[in-house]
Amino acid sequence: MSGNVLKLGIPKGSLEEATVKLFAKAGYQIKISSRSYFPSIDDDEIECMLIRAQEIARYVADGVLDAGLTGKDWIMENRVEVEDIADLVYSKTSARPVRWVLAVPNDSDIKSVHDLEGKRIATEAVNMTTDYLKKHGVTASVEFSWGATEVKPPKLADAIVEVTETGNSLRANNLRIVDTIMESNTKFIMNKTAYQDEWKRNKVDRLVLMLKGAMAANSKVGLLMNIPKTALAAIMKILPQGIKPTVAELSDPQWVDLTVILEEKLVRDIVPDLKSAGAEDIVEFPLNKVIE
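Residues numbered from 1 in each chain as written. Predicted model: local features only at pLDDT ≥ 70, side-chain atom pairs only at ≥ 80, totals over all residues. Heavy atoms only, no water.

Colleague: Give me the nonpolar core: which residues, what numbers.
Modeller: Ranked by size, the top nonpolar core spans 31 residues in total, and within it Leu8, Phe23 and Phe188 carry the most contacts. Elements supplying a minimum of two residues to this core: strand E1 (6-12), helix H1 (16-25), strand E4 (46-52), strand E5 (67-71), strand E6 (83-88), strand E12 (186-190) and helix H7 (198-218). With eight residues, H7 is the largest single contributor of residues to this core. In terms of nonpolar packing, the next biggest core, distinct from the first, is built from 19 residues, Val104, Leu116, Met128 and Val138 among them. (Core = buried A, V, L, I, M, F, W, Y, C linked by side-chain atoms within 4.5 Å. Buried < 20%, exposed > 50% of the residue type's maximum accessible area, 1.4 Å probe, protein only. Helix = DSSP H or I, 4+ residues; strand = E, 2+ residues; numbered from the N terminus.)

Colleague: Before we move on, can you summarise the packing of aromatic side chains with the specific residues and values?
Modeller: Enumeration over the complete set of coordinates arrives at three aromatic pairs. Judged by centre distance (6.2 Å) and plane angle (70°), the rings of Phe23 and Tyr28 are edge-to-face. If you follow Arg58 out to its NZ or CZ, it ends over the ring of Tyr59, 4.8 Å from the centre. (Phe/Tyr/Trp six-rings, centres within 6.5 Å; stacked < 30°, edge-to-face > 60°. Lys NZ or Arg CZ within 6 Å of the ring centre and 35° of its normal.)

Colleague: Describe in detail the environment of Lys237, supporting the description with residues and values.
Modeller: Mapped onto the fold, Lys237 is located in helix H8 (residues 232-238). Separated by 13 residues in sequence, Lys237 and Leu224 place their C-alpha atoms 17 Å apart.

Colleague: Quick rundown of unusual backbone geometry? Include the residues and the values.
Modeller: Cis geometry is adopted by the peptide bond preceding Pro154, which originates at Pro153 and carries an omega value of 0°. One can find Pro154 in the loop between strand E9 (141-144) and strand E10 (159-164). The backbone phi angle of Arg79 is positive, close to 55°, even though this residue is not glycine. Assignment of secondary structure puts Arg79 in the loop between helix H3 (72-78) and E6.

Colleague: Got a sec to walk through the sheet that holds E6? Specific residues and values, please.
Modeller: Ordered in space as E4-E1-E5-E12-E6, the five strands form an open sheet in which the pairing is mixed. Edge positions in the sheet fall to E4 and E6, since each of these pairs with one other strand and no more. Each strand of the sheet is rotated relative to its neighbour by a mean of 30°, with strand direction disregarded. As paired strands, E6 and E12 are joined by five bridges and run antiparallel to one another. Each residue of the ladder has a partner; that of Glu83, found in E12, is Met190. This element, H1, spans E1, E4 and E5 of the sheet and lies at about 135° to E1. Its contacts with the sheet put helix H2 (residues 53-62) on E1, E4, E5 and E12, and the angle it makes with E4 is roughly 130°. (Pairing = 2+ DSSP bridges. Axes fitted to C-alpha atoms, helices over the stretch in contact; angles between N-to-C directions. Contact = heavy atoms within 4.5 Å.)

The analysis is restricted to geometry; functional conclusions fall outside its scope.
Below, the structure is given as structure tokens:
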């Protein structure tokens, strides 16, 4: 241990479980106690603090935290200056960015942002919504929503600006999307002063490398197969261009073992071709992380 410590913000709430799982795949075990805002991590050079994603950007900007994971949306909402280190596209539901959308009741007359003139909008992202309206030259009342935003139209608001991954909650509340204000994903950010610290920046670079490797593994799998040496050239033509498989000798000098890492979505398309080219005993296996 060097004696240095990186103060890291972990998002509390909807991203909490997904973040802990991502760190675990990257080789870092985070344990969260229901009674503490300071999770333990099996790295003595990292000190974790559990904070709502909405607040992490502000605490990183102020230097309370050296670094943290939060959404691009909350960086914009807090209007702060931080170092953008990396995109980490993961969420509680999918590996897609989330969307902040303008939504209204299905039977509303509002068809576009310009129909919001003089209307009332409920949202948790007040600054983001205000900037959106200003961009389109619309004046409307933007009210902070403390929760259950989807149920406020039409009695408590004419429209809402809300975050969604699938749109299911909006549809369940008889709302339709008028416009997408922005797409957001999780970002790894640093305090600008901390970024100038060589040790902290190096620590973050190493951590982000492992997190990206864990994320890459979510979409990739390994394929292990035995192939006759006479079929090696044909097999290589089937694999995607640029792929560098591992080829090892077997006890039978006429055969080799080939191991390759591929995008999972490609496997179903090429396995039949591999078998036709002479590959045998093809085995697919999951990956923990991929360091590229």
